[in-house]
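Structure assessment
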Amino acid sequence: MTLKNSVGFHFSGRKFFFGSSQPFIFNSITPVLCLILPLIFVVESAFGQIWLDARTDSLIQTGIELSIQHDYPQAESIFHKLIEAYPDHPVGYLFMAATLQSKMMDYETERWSEDFQRYIRLAIDTAENSKSQDLWAMFYHGSALCYLAFYEGRNGDYLKAINHGFSGIAILNKIVKIDPEFYDAYFGIGSYQYWRSQKTRLLNWLPLISDERAEGIELVRQTVEHSRYTRYVAMNELIWILLDAGQADEAYQWALRGLKQFPQSRFFLWGAAKSAFALKDYSTAAIHFQRLLASIVNSPMDNGYNEFLCRLKLAQCFEKLGELAQASQQIAV
């Protein structure tokens, strides 16, 4: 199980619509979770260059917002239609896999792991078979490899995770060399830079191992401000990166910004609650944990783990506030 104090390819963050959990090198390349209705693609030579018109772009943005609010069934239905319409393109497979991973991490379960593996490998296979040099097609390919790396890392298959993670990051780096303003790719690169440096920080004195944590944070910030589709997943990841870096005040401000846009999102509620707790603002943290608890117990699936963790943090808040009766009440449930 992943721990909330640690989100998407992240490991030190809380998982997001694409996810995170205990920090691992590849824990943050949890790309973008898009929900697409009747896509209006103009496709050249079966796979090549793809343009999205204003209506389709709007639908993608709407889909992202729905996924942040945990509307997984509708997302899956729409991605099935996308796959049926474009079976030789990775976009539908990738976003179906991202939806499944998001759902698994939200509910702390491996129930849909076989489906996730099937779709993510279809995304990789279709991208590799196409050999397209369209930047968005490359982005889907690199993101799919990073998703697979994250999954493998969580399940202890570290050699495969390292191989797929490096391959995915290499593709994302290639994209930004071609187009330095392709900000969606900076999310994965920046997250990788931070977590890799964090995990190897005791070796940063060696000549070939540099500390890129500050650069990684800045790239994720740029993604939040300028990206097309990964803005909110990057915002969520930034919260957990900043918490890990000891910058709880800024982390809390980003969590509030997320909640302003999505007041009921468990992704941002986790970030706000943990940030307030880190700031020792226990009364505010308790408010966020109470809202989170209500969302968890009323969600379609509650395996008990998230509820237990939330009640434990609530008990800690109440204990810090001297409200021992309320703390005992949470523990006794």
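Refer to the structure above for everything that follows.
The following paragraphs examine the structure supplied in this document. All residue numbers here refer to positions counted from 1 along the written sequence of the relevant chain. Local features in a predicted model are, by the rule used here, given only for residues with pLDDT of at least 70; side-chain atom pairs are given and counted only at 80 or more, and totals for whole chains, interfaces and linings are based on all residues. As a convention, hydrogens and water are excluded, and side-chain values are obtained from all of the structure's heavy atoms.

1. Observations regarding the nonpolar core
With 93 residues, the main nonpolar core has Ile175 and Phe289 as its most contacted residues. Numbering of helices and strands runs from the N terminus; a helix is a DSSP stretch of H or I covering at least four residues, while a strand is a stretch of E covering at least two. The element contributing the most residues to this core is helix α5 (residues 135–154), with eleven residues. Residues contacting Phe289, with those up to four places away along its chain left out, are Trp270, Ala273, Lys274, Phe277, Cys310, Lys313, Leu314 and Cys317. For the purposes of this section, nonpolar cores are sets of buried Ala, Val, Leu, Ile, Met, Phe, Trp, Tyr and Cys residues that join through side-chain atoms within 4.5 Å. For the exposure calls, accessible area comes from a 1.4 Å probe over protein chains only, and a residue counts as buried if that area is under 20% of its type's maximum, exposed if over 50%, partly exposed in between. Contacts were defined at the residue level, with two residues in contact if any of their heavy atoms lie within 4.5 Å.

2. A short note on helix α12 (residues 282–297)
Multiplying 1.5 Å by the residue count of a helix minus one yields the expected span of that helix. Between the first and last C-alpha of α12 there are 22 Å, a value that for 16 residues agrees with the 22 Å anticipated at 1.5 Å per step. Along α12, the residues that are buried comprise Tyr282, Thr284, Ala285, Ala286, His288, Phe289, Leu292, Leu293, Ser295 and Ile296. Contacts from the buried residues of α12 go to α10 (248–261), α11 (266–278), α13 (305–320) and α14 (324–332).

3. Quick word on empty space enclosed by the protein
The definitions used throughout rest on a 1 Å grid laid over the protein atoms alone, on which a cavity is an enclosed set of points accommodating a 1.4 Å probe that cannot get out and a pocket is an open set flanked by protein within 12 Å on both sides along at least five of seven lines; lining residues are those having an atom within 4 Å of a point. Grid points are joined across faces, edges and corners, and a volume is the space filled by probe spheres set on the points. Space inside the largest cavity adds up to approximately 70 Å³. Along the wall of the largest cavity there are eleven residues; nearest its centre are Asp106, Tyr107, Arg266, Ile296 and Asn306. At the level of secondary structure, the elements contributing two or more residues to the lining of the largest cavity comprise α3 (90–107) and α11.

4. Focus: the side chain of Arg266
As for its placement among the helices and strands, Arg266 is situated in helix α11. In protein, a polar contact requires one atom able to donate a hydrogen and another able to accept it; more generally it is a pair of N or O atoms within 3.5 Å, and residues adjacent in sequence count only if both atoms are side-chain atoms. A distance of 3.0 Å separates polar atoms of two side chains, one belonging to Arg266 and the other to Ser295. Other than its neighbours up to four places away in sequence, Arg266 contacts His70, Asp106, Tyr107, Leu292, Ser295, Ile296 and Ser299.

5. Comments concerning the pattern of salt bridges
Between side chains of opposite charge, a pair can form as their charged atoms come close. When a carboxyl oxygen of Asp or Glu is within 4 Å of a side-chain nitrogen of Lys or Arg, the pair counts as a salt bridge. Enumeration according to the criterion identifies twelve salt bridges in this entry. As a salt-bridge pair, Lys160 and Asp157 come within 3.9 Å of each other at their nearest N and O atoms. The class for Lys160 is partly exposed, based on a relative accessible area of 46%. Residue Arg196 is joined to Glu212 by a salt bridge in which the shortest nitrogen-to-oxygen separation is 3.0 Å.

6. A short note on the packing of aromatic side chains
The description of an aromatic ring pair rests on the distance of the ring centres and on the angle between the ring planes. Within 6.5 Å between ring centres, the rings of Phe, Tyr and Trp (the latter by its six-membered ring) count as paired, and their orientation is classed by plane angle as stacked under 30 degrees, edge-to-face over 60, tilted in between. Counting across every chain of the model gives 16 aromatic pairs. Ring plane angle 50 degrees and centroid distance 4.6 Å describe the contact between Trp136 and Phe182, whose orientation is recorded as tilted. Of this pair, Trp136 sits in helix α5 while Phe182 is found in the loop between α6 (158–178) and α7 (183–199), placing the two residues 46 residues apart along the sequence. According to the relative accessible area criterion, Trp136 is buried, its value standing at 17%. For Phe182, a relative accessible area of 6% puts it in the buried group. Joined through ring pairs, the aromatic side chains of Phe95, Trp136, Phe139, Tyr140, Phe182 and Tyr229 make up one cluster. Across from the ring centre of Trp112, 3.9 Å away, lies the NZ or CZ of Lys103, which sits over that ring. For a Lys NZ or an Arg CZ to count as sitting over a ring, it must be within 6 Å of the ring centre and within 35 degrees of the ring normal. Just above the ring of Phe277 sits the side chain of Lys313; from NZ or CZ to the centre is 4.0 Å.

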